[in-house]
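Listed below are the residues making up each chain.
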Amino acid sequence: MREIVTVQVGQCGNQIGCRFWELALKEHAAFNTKARYDDALSSFFANVDVRQHPALRLPVGDGRGAIRALKARAVVVDMEEGVTNALLSGPMRDVFDTAQFITGQSGSGNNWARGSRHYGPMYHEQLLEAVRRQAEDADSLQSFLLLHSLGGGTGSGLGSYLLMALADEYPEVYRFSVSVFPSQDDDVITSPYNAMLSCAALAEHADCVMPVENQALMDIVTSIETKSGTGTGPGASGGAPAARRDDNAVKRGSSLSGVDGGDVRGRAGHGGTPWDGMNGIAANLLLNLTAGMRFDGALNVDINEITMNLVPFPRLHFLLSSMSPVVVPADRGRMAPVPRTMDQIFTEVFGRDRQLASVDPRRSTYLACALLLRGAVNISDANRNVERLRRGLKMAHWVSDGFKVGLCDRAPVGVPYSALCLANNAAIQKPLNAMCERYKKLRKRNVYLHHYTEYMDLADIDSAAVSIEELAAEYGCVDAARAPDTVPSIAPLGIR
């Protein structure tokens, strides 16, 4: 048994978390038709007998025990009660206990300093107690998974504080973060400060960060709408015929629809929200990332192996992610996806259109790359495609064979196979440099700084900016590095 404790912080983190728990339950229900509590379910859910008081945690045993009540291995944090109240009253309410929630009322006011330096110490004991309960319920805790955004106040500020606390209290447990980077035209005026400060905390205290950009998610959702003929994205018009439905067509109950089957933007379903499509893509990332530890496979990759294989230097742990297919249709009986070859799947995950960050990794240097494959995939097909694509990629000269391939037997529901690509690539310097430029525009005029200096020193803000500039420069050095003409060797010592 290998468990992951998910910590979802702020409005964005909790919305992604809610979509993730919904899709995780659907995926396990499709494969676990006898409703048994097995090792796969135990990774994210505890089995609880609520007839006892206090509720009794039931062990996995031989994996054939009946499911009583599933409770998510999660800690839910927000300084506003809107999203958390929606969770407690929504269709996922039975997956959580009120003891897992830590909430405030006034919010962080889109201020990293208020979230980190004010609410962090204020809720320190409650945060660690909630995490401790989840950690002690786990038999073999593998890692913490932080879900948050960098643009607001709670997800960035309190998320940074909690990440630092986890590093202090559980230094041996890996800390993964799925962090939503704000777009260039973000409507939060202080987001450049918040993003800079929280990104510096991620560089310092996280073991692995998977950046997800709002703009990239929006572009993917718009593309899916246009191709499926359901939306108003570029190229769609009211009188034009609907586009031919392909494997990306959005169906009821798919990962891009709402909880009761809304469309890609959540318009049709009563449980949908305008952000369901974007949150569904981020949730799919988590499902594919953890499939290897939840299900059997010929060449499974444990989540902790990702850090071991993809992070050659401690600070260079920001991984670009891409998926194919990016949306999984749910109504298999009425709409089978268009057959796709493995060659198409591999080509797509290395293309720019499938990246969850607005970058083109093919134009920059790969430090390392992992391909996590699910479904009926033959290892020979995987190796053949790796060799085919390697010739067009720029690999760091010290690791020309820097590919990690994982094979999981269980495909996502509704498709024969899928691929998740995680790349430690120097292209991440583009969003880091953009973050620095946005910060400098505000810092140059010292606007809004008084809201931050109320809780922290100005030197700490500037120090965070320097840290991210140095991080971008480190990636830049890797991108510019060339193999030496000759490799120096040490002459063997003779025997005297």
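From a predicted model like this one, the values you see are computed outputs, not experimental measurements.

A. Highlighting helix 11 (residues 342–349). Every buried residue of helix 11 is accounted for by Met342, Ile345, Phe346, Glu348 and Val349. Along helix 11, the residues classed as buried sweep out an arc of 165 degrees about the axis, all on the same side. Contact partners of the buried residues in helix 11: strand 12 (320–324), strand 13 (365–375), helix 12 (379–390) and strand 16 (417–425).

B. Highlighting the side chain of Asn424. Tracing the backbone through its elements, the reader meets Asn424 in strand 16. In this structure Asn424 comes out as buried when scored by relative accessible area, which is 0%. One polar contact links the side chain of Asn424 to the main-chain carbonyl oxygen of Leu316, over a distance of 2.8 Å. With residues near it in sequence (within four places) discarded, Asn424 still touches Leu310, Val311, Pro312, Leu316, Phe318, Leu319, Thr365, Tyr366, Leu367, Ala368 and Tyr475.

C. Expanded view of the pairing of strand 1 (residues 3–9). Summarising burial for strand 1: 7 of the 7 residues are buried, a large majority. Every second residue of strand 1 is oriented toward a common face, with Glu3, Val5, Val7 and Val9 on one face and Ile4, Thr6 and Gln8 on the other, all of them buried. Relative to strand 9 (residues 141–149), strand 1 runs parallel, the two sharing 6 bridges. Along strand 9, the bridge assignment pairs Val7 with Leu146.

D. Inspection of the sheet that holds strand 1 at higher detail. The parallel open sheet is built from 6 strands, whose spatial order is 8-7-1-9-10-11. Bordering the open sheet on either side are strand 8 (101–103) and strand 11 (208–213), each of which pairs with just one other strand. On average, adjacent strands in this sheet sit at an angle of 15 degrees to one another, irrespective of strand direction. One ladder, built from 7 bridges, connects strand 9 with strand 10 (residues 174–181); its direction is parallel. Across the sheet, the residue bridging to Leu145 is Phe176, located in strand 10.

E. Structural view of unusual backbone geometry. Cis peptide bonds are those with omega within 30 degrees of zero, and the linkage from Ser324 to Pro325 qualifies with -10 degrees. Structurally, Pro325 can be placed in the loop between strand 12 and helix 11. The phi dihedral of Asn110 falls on the positive side, at around 55 degrees, and the residue is not glycine. For Asn110, the position within the fold is in the loop between strand 8 and helix 4 (112–122).

Conventions and cut-offs
- Residues numbered from 1 in each chain as written.
- Predicted model: local features only at pLDDT ≥ 70, side-chain atom pairs only at ≥ 80, totals over all residues.
- Heavy atoms only, no water.
- Buried < 20%, exposed > 50% of the residue type's maximum accessible area, 1.4 Å probe, protein only.
- Helix = DSSP H or I, 4+ residues; strand = E, 2+ residues; numbered from the N terminus.
- Arc of directions from axis to C-beta.
- Contact = heavy atoms within 4.5 Å.
- Polar contact = N/O pair within 3.5 Å; in protein donor to acceptor, adjacent residues only side chain to side chain.
- Pairing = 2+ DSSP bridges.
- Axes fitted to C-alpha atoms, helices over the stretch in contact; angles between N-to-C directions.

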